[in-house]
Amino acid sequence: MITKSRTDKLIVSLMVSVAGATLICSPANAQSQSATGASPASSDQLGEIVVTAQRRTENLQKVPVTVNVVSNSAIANYGIQTSQQLQTAVPGLIINKSQMNAAPFLRGVGANSGAAGLEMPVAIYLDGVYLPVAAANIFNLSSIDRVEVLKGPQGTLFGRNATGGVISIVTRDPSEHARADFDVSYGNYDTWAANAYVGGPLSDAVAADIVYSGARQGDGFGKNISTGGDAARDYYNDVWRGKLKFKLGDATNLTLIGGYSRQKSSMNAFTPVQGASDFIYATPAPSGFYDAYGSPQYAESHGYTVTGKLEHDFGWATMTNIVAYQDTRIRQHLDFDSKVQANPDNTYRGSEKVFTNEFQLASPSNQTVTWVAGLFYMDLKNNNVSGTYNYVSVPQTEFSTNKTSSIAPFAQVTVALTDSTRFTGGIRYTHDSLHIIGNGVDANGNNLYSPAVVDKESKQSRVTWRAALEQDVTPDIMAYVSYNRGFRAGIFNTANPRLPVTNPEILDAFEGGLKTTLFDRKMNLNLSVFHYEYKDILLRSFDPVLVKTFLTNAAHARLTGADVDVRAKLDEFDITAGLEYIDGKYNDFPNAVL
């Protein structure tokens, strides 16, 4: 929200009890944390939470990054069923649904635009694979080991478009013991959900599992007054996933993963504000909050992902190579007003294909000098067909193909300066090659562009880094300060290829924090404060002439805030609480729309 004052302000969020502070009480025996998870502890003590936030296995309390972990038991306790619902468990995390696209925000940094080919500033990873397609990132969560949410730019080890942070989802591995789980539920609006898991050994060296998670909503939350049909209805959301794990030797493992998902939703019901210009109410007036007018709206997508992960321990270092291919198909029908038309105002069909390969080498832990180095490569291609039927004198159809190739070497080193002091330095160089081809015609065969075909290329390179200093104040209290730079890649406007490429976003983050273990391991109290300098922010604007949205850079903003996270053991209960406060403003935003 922007308000007028001496400077234009961006009120990001203020999250207190209801929105940002969470309190969960569960039986102590449910504190399983993660499969890689909790170290042995007495029944009245907290176990250690083990994370891979720095590309190696570490105790959460020893990691100089603000990280929230949602364990498999916490997912069950919160009743989390989809990736969007993770926001109920992590203060400062908001995941909006823009049409069908996941639009995550961390510490106020995010994007609501669902433009084709646009990568969000909060990066989502699934089993170590970067998922750049926003339309494929709201999916059912089933058989999840843990979710790690890293706050702040992760410009070195994750790099690409991790300006606001990273959501890393880790699924359960098949084990040497056979296991089968199944649950089904039914609710109002004729809604049901089902989850099934079967896994176990196929031989001494091979284990496998298969997972299904699905949901159906038979009735919409509202009605379309114009057509009599449903409005605000999630028709279906299905996920299938299979995993094979091979032990190729004492030091070598190979994991193969295949997944397929599909979803269809009528999206948010459209009910215009009474008296708004250019919006005409039909009769009768709406009677419910979710009631809508106009042509039926819906968005649907389906796609698959295949992943191969090879790990080998050389002794002096561990090698990990993750290769993945993603193919997603999207279709949308959109209505911008309340008028009943033979056709919707806009239709969209698209496909996004992504190939990624990440190679890593990591030294053993618990050494005077530890390091991680690697190389990331991505090739992304999306094809788009967009039709506009209303608001123009003659229906129009526009076509575009957008390609991005990216390569990024990176390295991070941690040096123990003394027994209690450590310094971490990391650097990453990212080079992107962007290419767009577009053209458009109306129903009479006339070209919309001049020249008829737009063909543009752009190359962008950025260096990002991390510097952090840690100090063990006592064996149970660690203090740290850090400076991180993250960036979000620029993009061509697929809705209007004639526009110039946007600049990359740049975020400089300054953070200080404490991680404490108190009262004989009965409480963890973690505190952090941060300040962001955010440049060339990508925002969506509206062109009233073309009746299209487009992306533009919005100069500069500043954000300041704090995080508080608590875990405690109280008799037979585990207590988790969190609070986040953010204040931000645009201190430079030329031509802002107020």
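All figures in this text were calculated on a predicted structure; none of them were measured in a lab.

S.K.: Where do I start with the overall build of the protein in this structure?
M.R.: Within the protein, the regular secondary structure consists of two helices and 35 strands. Counting across all 594 residues of the protein, residues that qualify as buried make up 50%. Relative to all contacts within the protein whose residues are 6 or more apart in sequence, the contacts with residues 24 or more apart total 65%. Looking at the protein as shown, the accessible area adds up to about 25,800 Å², and 57% of this sits on carbon and sulfur atoms.

S.K.: How should I be thinking about the pairing of strand 9 (residues 101–106) in this particular structure?
M.R.: Looking along a regular strand, one sees side chains alternate from face to face of the sheet. Of all six residues in strand 9, six are buried, a share of seventy percent or more. Both strand 9 and strand 10 (residues 109–110) contribute to a ladder of two bridges, which runs antiparallel. Pairing of Phe105 across the sheet is with Gly110, part of strand 10. Once strand 9 ends, the chain turns through two residues before running back antiparallel as strand 10, passing Arg107 with a positive phi of about 50 degrees.

S.K.: Quick question: what am I supposed to make of the confidence of the model for the protein here?
M.R.: Atomic detail in the predicted coordinates should be set aside for any region of low pLDDT. Of all residues in the protein, 85% have pLDDT values of 70 or greater, and the mean over the chain is 85. Taken as a whole, residues 1–40 scores under 50 in pLDDT and shows 99 contacts with residues more than four places along the chain or in a different chain. Across residues 273–282, where pLDDT falls below 50, the model places 18 contacts with residues more than four positions away in sequence or in other chains.

S.K.: So what exactly am I meant to see when it comes to the sheet that holds strand 14 (residues 165–171) here?
M.R.: The pairing of strands in a sheet happens through backbone hydrogen bonds and is either parallel or antiparallel. On the basis of which strands lie adjacent, the open sheet formed by five strands has the order 7-13-14-11-12 and mixed pairing. Every other strand in the sheet has two partners, leaving strand 7 (67–71) and strand 12 (129–130) as the edge strands with one partner each. In the sheet, strand 11 (residues 122–126) pairs with strand 14 via five bridges, with the strands oriented parallel. What sits directly across from Val122, in strand 14, is Gly165.

S.K.: Is there a simple way to think about the nonpolar core in this case?
M.R.: Nonpolar side chains in soluble globular proteins tend to end up buried together. Ranked by internal contacts, the top residues of the largest apolar core, which has 29 residues, are Val51, Val67, Phe158 and Val166. Listing elements by their share of this core, those giving two or more residues are strand 7, strand 11, strand 24 (346–362), strand 25 (369–388) and strand 26 (396–416). Counting 24 residues, the second-largest nonpolar core is a separate cluster that includes Leu86, Ile124, Leu141 and Ile169.

S.K.: Please explain the pairing of strand 23 (residues 318–334) as it appears in this structure.
M.R.: Both strand 22 (residues 298–313) and strand 23 contribute to a ladder of 16 bridges, which runs antiparallel. Across the sheet, residue Tyr304 finds its bridge partner in strand 23, namely Asp327. Where strand 22 hands over to strand 23, the hairpin turn is made up of four residues, of which Gly315 adopts a positive phi near 100 degrees. As judged from the 17 bridges shared by strand 23 and strand 24, these two strands associate in the antiparallel manner. Paired with Thr320 across the bridge in strand 24 is Gln360.

S.K.: Honestly, the sheet that holds strand 10 in this entry has me stumped. Any pointers?
M.R.: Taken in spatial order, the three strands of this open sheet run 8-9-10, and their pairing is antiparallel. Of all the strands in the sheet, the pair left with one neighbour each is strand 8 (93–98) and strand 10. Examined bridge by bridge, strand 8 and strand 9 share six bridges and lie antiparallel to one another. Residue pairing in the sheet places Asn96 in a bridge with Ala103 of strand 9.

S.K.: Can you walk me through the packing of aromatic side chains in this structure?
M.R.: In this description, an aromatic ring pair is defined by two values, namely the gap between the centres and the angle between the planes. A complete count under the given rule lists 12 aromatic pairs for this structure. Relative to Phe158, the ring of Tyr125 has its centre 5.2 Å away and its plane inclined at 75 degrees; by these criteria the two rings are edge-to-face. Of this pair, Tyr125 sits in strand 11 while Phe158 sits in the loop between strand 13 (144–151) and strand 14, placing them 33 residues apart in sequence. Both residues of the pair, Tyr125 and Phe158, belong to the buried class. For the ring pair Tyr212 and Trp240, a centre distance of 5.2 Å and an interplane angle of 45 degrees mean the geometry is tilted. Placement of the pair is Tyr212 in strand 17 (residues 206–217) and Trp240 in strand 20 (residues 234–249), with a sequence separation of 28 residues. Feature note: the residues Tyr125, Tyr130 and Phe158 constitute an aromatic cluster, connected by ring pairs. For the cation-ring pair, Arg55 lies above Phe158, with the distance from its terminal atom to the ring centre recorded as 4.2 Å. Here the basic side chain of Lys264 rests over the ring of Tyr298, its NZ or CZ set 4.9 Å away from the ring centre.

S.K.: Would you mind showing me how to read the side chain of Asp565 here?
M.R.: With respect to the element layout, Asp565 can be found in strand 34 (residues 556–570). For the buried Asp565, no salt bridge exists, and the shortest N-O distance to an oppositely charged side chain is 5.0 Å, to Lys151. Separated by 3.0 Å, the side chains of Asp565 and Asn68 make a polar contact. Contacts of Asp565, omitting those with residues within four sequence positions, involve Thr66, Asn68, Pro91, Asn524, Leu525, Asn526, Ala577 and Gly578.

S.K.: What am I meant to see in the pattern of salt bridges here?
M.R.: Close approach of charged atoms allows side chains with opposite charge to pair. In this structure the tally under the stated criterion is 27 salt bridges. For the salt bridge of Asp563 with Lys151, the shortest nitrogen-to-oxygen distance reads 2.9 Å. Placement of Asp563 in strand 34 and of Lys151 in strand 13 is noted, with a sequence separation of 412 residues between them. Lys151 shares its class with Asp563; the two are buried. Asp173 is the partner of Lys243 in a salt bridge, and the nearest nitrogen-oxygen pair spans 3.0 Å. Here Asp173 lies in the loop between strand 14 and strand 15 (179–187) and Lys243 lies in strand 20, a separation of 70 residues in the sequence.

S.K.: When you look at a nonpolar patch on the surface in this model, what are you seeing that I'm missing?
M.R.: The grouping of Phe355, Phe359, Leu375, Tyr377 and Ile407 at the surface amounts to a nonpolar patch, some 400 Å² of accessible area in total. Where the nonpolar patch is concerned, the elements lending two or more residues are strand 24 and strand 25. Position of Phe359 among the secondary structure elements: in strand 24.

Reading guide: rules and limits
Residues numbered from 1 in each chain as written. Predicted model: local features only at pLDDT ≥ 70, side-chain atom pairs only at ≥ 80, totals over all residues. Heavy atoms only, no water. Helix = DSSP H or I, 4+ residues; strand = E, 2+ residues; numbered from the N terminus. Buried < 20%, exposed > 50% of the residue type's maximum accessible area, 1.4 Å probe, protein only. Contact = heavy atoms within 4.5 Å. Areas by Shrake-Rupley, 256 points an atom, 1.4 Å probe, with all protein chains shown as cover. Pairing = 2+ DSSP bridges. pLDDT = per-residue confidence, 0-100. Core = buried A, V, L, I, M, F, W, Y, C linked by side-chain atoms within 4.5 Å. Phe/Tyr/Trp six-rings, centres within 6.5 Å; stacked < 30°, edge-to-face > 60°. Lys NZ or Arg CZ within 6 Å of the ring centre and 35° of its normal. Lys, Arg positive; Asp, Glu negative; His and termini not counted. Salt bridge = Lys/Arg side-chain N within 4 Å of Asp/Glu carboxyl O. Polar contact = N/O pair within 3.5 Å; in protein donor to acceptor, adjacent residues only side chain to side chain. Patch = residues over 30% accessible without salt bridge, like charges linked within 9 Å, V, L, I, M, F, W, Y side chains within 5 Å.

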